[in-house]
Amino acid sequence: MNSIKFKNNRLYYLDQKELPLREVWRECRNLRDGFQATRDLQIRGAPLIGVFAAYCVCIHANNMDLKKEDFLKNLRYDIAYLKTCRPTAVNLAWALNRIEKVIEKNSKDSVQQIKQALLKEAKAIHAEDVALCERMGNFGAKLIKKGDRILTHCNTGALATSGKGTALAVVFKAKELNKDIYVYADETRPLLQGSRLTAWELMKKKIPSSVICDNTAAYLMQKNQVNKVFVGADRIASNGDTANKIGTYSIAVLSKYHKIPFYVVAPFSSFDLSIKSGKQIPIEERSGSEVKKVLNKLYVAPKAAKTISPAFDVTPHKLITAIVTDRGLVYPPYTKNIRKIFGV
Ligand code: MRU
């Protein structure tokens with residue numbers, strides 16, 4: 001399953017706002033399209049927005065027919081702008097920083113050569129992401145026992161990455177290994193990534209599962225129906241504090257209370273070692289209409305109601321049993337052990 005395609009120098013993406021009702025592929029024709037598609041969550045999930053942004057810069061560069069000085073000036077300015085479209089997932093800045101390095105390294109070359117170097121780097125970021133998912137799936141599946149009943153939040157599968165996923169890659173691998181698992185997918189208010197996207201992916205893979213309202217998790221835990229939790233991450237600080245979809249923190253607290261292991265699954269590109277703790281993670285605030293209307297259509301709150309709509313929350317590292325990365329499992333103490341996997 002793919003959620004983006006780069007073919008004949010054209011970039012296409014599966015519009016995730018249309019799922020699960022319709023599978024609609026759209027073309028990203030320029031930087032403005034890319035910015036808007038990411039901002040509107042037509043394309044989403046931390047690793048995927050990084051890969052998509054890298055390709056988007058290539059499209060933008062190819063659209064420019066300018067002398068080198070102007071080409072470079074515009075490119076640098078527009079990449080900085082693209083970085084602002086979603087502030088929490090560090091993968092966006094991570095991928096665009098790599099693209100910027102390629103521009104600096106090749107700035108003495110011709111415009112054509114720079115364009116080629118950009119595409120080479122975007123393809124490398126894409127291929128790496130596919131491989132990282134595979135590795136996380138393999139490491140994480142070792143934590144799963146036959147018959148486990150797993151709770152997950154938001155969407156962390158093929159729709160959130162350019163490979164198999166992060167937390168869902170673990171689930172997919174466990175299924176391949178016939179571990180006889182059952183998955184509960186939190187619906188994930190307000191934009192329903194769990195019920196629209198995770199349930200869709202789980203059904204495609206024929207994994208036994210149920211969609212639950214976000215507020216059902218505690219009930220199931222109390223009844224011993226959940227014995228492991230796997231979630232993804234949008235940014236992990238040096239001390240292991242993890243930003244992920246709003247509602248993740250409440251599940252972590254519930255897991256601690258019910259003594260259920262709580263695992264975060266993320267590639268190295270989701271770590272931000274420039275910050276010490278989760279307090280420094282910028283949290284995206286989204287429009288109140290996403291809370292007041294179901295899928296931007298039907299009002300389920302008074303039009304004039306005030307809203308608070310952070311897209312992410314931060315789970316303190318103390319609530320995390322282990323972090324599954326593409327480099328292996330990381331256990332507490334996180335500050336020390338994260339440094340170890342990064343070799344710093
Ligand atoms: O707002 P979204 O849908 O982009 O949020 C996605 C998540 O929170 C995922 O859990 C996260 O990106 C990690 S999954 C690869």
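The shown structure was predicted, so the numbers you read here are calculated from the model rather than taken from an experiment.

**Q** Explanation requested: the sheet that holds strand β15 (residues 322-325) in the structure shown.
**A** Within a sheet, adjacent strands bond to each other through the backbone by hydrogen bonds, running parallel or antiparallel. Read from one edge to the other, the open sheet built from seven strands follows the order β6-β5-β4-β7-β10-β15-β16, with strand pairing classed as mixed. Every interior strand has two partners, whereas the edge strands, β6 (209-212) and β16 (328-330), have only one. Ignoring which end each strand starts from, the neighbouring axes of this sheet average 25 degrees apart. Where strand β10 (residues 262-265) meets β15, three bridges bridge the pair, whose relative direction is parallel. Each residue of the ladder has a partner; that of V264, found in β15, is I323. Sheet strands in contact with helix α5 (residues 111-141) are β7 (228-231), β10, β15 and β16, and its direction is about 140 degrees off that of β15. Where helix α7 (residues 193-204) meets the sheet, it contacts β4 (149-152), β5 (182-186) and β6, and its direction lies at approximately 160 degrees from that of β5.

**Q** Just checking my understanding: could you explain the domain arrangement of the protein chain for this structure?
**A** Interface extent is often summarised as the accessible area lost during association of the parts. If you check the domain split of the protein chain, you get domain 1 (4-133) and domain 2 (138-342). On a C-alpha basis, the centroid separation for the pair domain 1 and domain 2 is 25 Å. Each side of the interface is counted separately: domain 1 has 28 residues, and domain 2 has 37 residues. Here domain 1 and domain 2 share an interface that buries about 2600 Å² over both sides, 56% of which is from carbon and sulfur atoms. Inspection of the region where domain 1 meets domain 2 yields three salt bridges. Notably, a salt bridge pairs K204 with E23, separated by 3.4 Å at the nearest N-O pair. Between the two partners, domain 1 and domain 2, sit 17 residue pairs in polar contact (both at pLDDT 80 or more). Sorting the residues of the side of domain 1 that touches domain 2 by element identifies α2 (46-63), α4 (90-105) and α5 as the ones contributing at least two each. Here the element with the most residues in the side of domain 1 that touches domain 2 is α5; it accounts for six residues. The residue makeup of the side of domain 1 that touches domain 2, split by class, is 15 nonpolar, five polar and eight charged.

**Q** Teacher, can you tell me more about helix α6 (residues 167-176) here?
**A** Side chains of residues three or four places apart in an α-helix project in the same direction, reflecting 3.6 residues per turn. Burial analysis of α6 places eight of its ten residues in the buried class, the great majority of the element. Those residues of α6 that fall on the buried side of the exposure criterion are A167, L168, A169, V170, V171, F172, K173 and A174. Contacts from the buried residues of α6 go to α5, β4, β5, α7, β7 and β10. Positive phi appears at N178, one or two residues downstream of α6, with a value of about 55 degrees.

**Q** Just checking my understanding: could you explain helix α1 (residues 31-39) for this structure?
**A** Residues of α1 that are buried: L31, G34, F35, A37 and T38. Looking at the buried side of α1, the elements it contacts are β2 (10-14), β3 (25-28), α2 and α3 (68-82). The residue sitting at the N-terminus of α1 and contributing the capping side-chain oxygen is N30; that oxygen lies 3.2 Å from the backbone nitrogen of R32.

**Q** What exactly am I supposed to notice about the sheet that holds strand β11 (residues 271-272) here?
**A** Pairing is mixed across the open sheet formed by four strands, whose spatial order is β11-β8-β9-β14. In this open sheet, the two strands that pair with only one neighbour each are β11 and β14 (312-315). Relative to β14, strand β9 (residues 242-245) runs antiparallel, the two sharing four bridges. Residue pairing for β14: K245 is matched across the bridge by F312.

**Q** Honestly, the pairing of β10 in this entry has me stumped. Any pointers?
**A** Residues in a regular strand project their side chains so that they alternate between the two faces of the sheet. Of the two faces of β10, the one carrying F262 and V264 and the one carrying Y263 and V265 are both buried. Of the strand pairs in this sheet, β7 and β10 are connected by three bridges, and their pairing is parallel. Paired with F230 across the bridge in β10 is Y263.

About the cut-offs
- Residues numbered from 1 in each chain as written.
- Predicted model: local features only at pLDDT ≥ 70, side-chain atom pairs only at ≥ 80, totals over all residues.
- Heavy atoms only, no water.
- Pairing = 2+ DSSP bridges.
- Helix = DSSP H or I, 4+ residues; strand = E, 2+ residues; numbered from the N terminus.
- Axes fitted to C-alpha atoms, helices over the stretch in contact; angles between N-to-C directions.
- Contact = heavy atoms within 4.5 Å.
- Domains from an automatic or database assignment.
- Buried area = accessible area lost by both parts, 1.4 Å probe.
- Salt bridge = Lys/Arg side-chain N within 4 Å of Asp/Glu carboxyl O.
- Polar contact = N/O pair within 3.5 Å; in protein donor to acceptor, adjacent residues only side chain to side chain.
- Nonpolar A, V, L, I, M, F, W, Y, C, P; charged D, E, K, R; others polar.
- Buried < 20%, exposed > 50% of the residue type's maximum accessible area, 1.4 Å probe, protein only.

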